[in-house]
Amino acid sequence: MAGAPTVLSLFSGAGGLDLGFLQAGFRVVQALDLMPDACATYRRNIGEHVRCGSVREANASTLPACAVAIGGPPCQGYSVAGHMGPDDPRSALTWEFVRVVREVRPLAFVMENVKALAVLARWQPVRARLLAELSEGGYAVRMHVLNARDFGVPQGRERVFFVGTRLPLAPVEDIAPTTSTPVTAGDVLRCLPPPGKAPNLGTCAARVVPARAPVLRRSPYAGMLFNGQGRPIDLSSTVNTLPASMGGNRTPIVDEAELRDGEPPWVVAYHARLCQGLPSLSEAPPRLRRLTVTEAALLQTFPLGFAFAGRQSSQYAQIGNAVPPLLARCVAEALMAKWPCGLV
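Everything numeric here is computed off the predicted structure, so don't read it as measured data. (Residues numbered from 1 in each chain as written. Predicted model: local features only at pLDDT ≥ 70, side-chain atom pairs only at ≥ 80, totals over all residues. Heavy atoms only, no water.)

1. Side note on the side chain of Arg-290
Basically, it comes down to this: Elements are defined by DSSP. Helices are runs of H or I of four residues or more, strands are runs of E of two residues or more, and each kind is numbered from the N terminus. Buried, partly exposed and exposed residues are distinguished by accessible area as a fraction of the type maximum, computed with a 1.4 Å probe on protein chains only: under 20%, between the cut-offs, and over 50%, respectively. Positive charges come from Lys and Arg, negative ones from Asp and Glu, while His and the chain ends are left out of the count. The salt bridge definition used is simple: a Lys or Arg side-chain nitrogen within 4 Å of an Asp or Glu carboxyl oxygen. The term polar contact refers here to a pair of N or O atoms within 3.5 Å; inside protein, the definition further demands a hydrogen-donor-capable atom paired with an acceptor-capable atom, and it admits residues adjacent in sequence only when both atoms are side-chain atoms. Two residues form a contact once any of their heavy atoms are found within 4.5 Å.
Tracing the sequence through the fold places Arg-290 in strand S13 (residues 288-290). Although Arg-290 is buried, it makes no salt bridge; Glu-295 carries the closest opposite charge, 11 Å away. At a separation of 2.8 Å, a polar atom in the side chain of Arg-290 contacts the main-chain carbonyl oxygen of Arg-207. A distance of 3.3 Å separates the side chain of Arg-290 from the side chain of Asn-227, its partner in a polar contact. Aside from chain neighbours lying at most four places away, what touches Arg-290 is Cys-204, Ala-206, Arg-207, Val-208, Asn-227, Gly-230, Gly-248, Asn-249, Thr-251, Pro-252, Ile-253 and Glu-295.

This is the structure we're talking about:
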């Protein structure tokens, strides 16, 4: 990795974005995150160059020089799954990323966030300010709204990447999809043994219980057919966005008999029953279970054997908060393609 372009990682989490940049040929010289469990995970799997601390307290005098700054500031303030409050303190961390970029002045930066920040009218003033402040810093900034499923990730996860470059780098105008045939959840999960048998670890104890008042949608994989917000997984398709709130009733549901034995999906027949006006059941069959930590990590494209630190709820949260490493790699490769030979 000697001679590779150097990277400063902010809001690093478990290191999903960092893994992608490492795989694309960059060299991460320092990572920074506030969450001790995430830092422990990062240190265990990626390296000792992680520092546990707040980006608010970081500046050019405490951070190393770098060619690229990367990071995904907390997105809850902008997410349609949250309250979308303009005064959410987590949203202010976006400006901390901008501040560090303008102080450290890397040749390029990549900032990841939820799609809503890029497309919703209510966030237009935020987008305008972002582009203005970064342009004033000398950066040509492009917004790329990407769906992870178009890049080999078995997950329908839409995110925006703000990619900025300054001379001598040319702007990153396009990040082209790498596949037209999405990888399915079944493709990934069938490669593992049953839950609890190594390496499929981190079994979720939350029961699957039919909702007393189910909310029906056209698809049996939508609506609210069970307790909590964890929906059944269509093994023939990609999964929905994996949330950081997994670990309990919000953990997606797997049909073990369909997965292992090829039986017809139970939820399809149950959905048809409900659509006929028949009452909901009081119990779900034991073939329905929740996604394990290992399975969630693989669906997020973390490598098998990537070991997460902390309590199980923290491990799920680290996975749900991460940028899928495979998607990160594709973004990093688009940036690396603009890199002049010999420039570090």
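2. Quick look at the side chain of Gln-30
Within the secondary structure, Gln-30 sits in strand S2 (residues 27-33). Those residues within four positions of Gln-30 in sequence are excluded, and the remaining contacts are Val-7, Leu-8, Ser-9, His-49, Arg-51, Thr-62, Leu-63 and Pro-64.

3. As for the nonpolar core
The following threshold applies: The set of buried Ala, Val, Leu, Ile, Met, Phe, Trp, Tyr and Cys residues whose side-chain atoms join them within 4.5 Å is what this entry labels a nonpolar core.
The biggest cluster of nonpolar side chains holds 62 residues, and the ones touching the most others in it are Phe-21, Phe-26, Val-68, Phe-161, Leu-335 and Trp-339. If you tally residues by element for this core, the top one is helix H11 (residues 325-336), at seven residues. Leaving out residues up to four positions away in the same chain, Phe-161 has contacts with Leu-17, Val-110, Met-111, Glu-112, Arg-142, Met-143, His-144, Leu-146, Val-323, Leu-327 and Val-331. Cys-66, Val-126, Leu-134 and Phe-162 belong to the second largest nonpolar core, which has 30 residues in total.

4. Some words on the sheet that holds strand S4 (residues 68-71)
Where we set the bar: Strands were regarded as paired on the criterion that DSSP finds at least two bridges between them. Helix axes use the C-alpha atoms of the stretch in contact, all axes being lines fitted to C-alpha atoms, and the angles between their N-to-C directions lie in the range 0 to 180 degrees.
Reading across the sheet, the seven strands line up as S3-S2-S1-S4-S5-S8-S6 and stay open at both edges, with mixed pairing between neighbours. The open sheet has two edge strands with one neighbour each: strand S3 (50-52) and strand S6 (140-147). Taking the axes of each pair of neighbouring strands and ignoring which way they run, one obtains an average angle of 15 degrees across the sheet. Bridge count for S6 against strand S8 (residues 158-165) is eight bridges, and the pairing is antiparallel. The residue bridging Asn-147 from the neighbouring strand is Glu-158, located in S8. Of the strands in this sheet, strand S1 (6-10), S2, S4, strand S5 (108-114) and S8 are in contact with helix H1 (residues 16-23), which crosses S4 at around 145 degrees. In the packing of helix H2 (residues 36-45) onto the sheet, contacts are made with S2 and S3, and the angle to S3 comes to roughly 165 degrees.

5. So, H2
Condition: To be clear, the arc concerns the directions from the helix axis to the C-beta atoms.
Where H2 is concerned, the buried positions are Ala-38, Cys-39, Thr-41 and Tyr-42. Each buried residue of H2 lies within a common arc of 160 degrees when the element is viewed along its axis, so the set occupies one face. Residues Pro-36 and Arg-44 are exposed on H2 and point more than 90 degrees away from its buried face.

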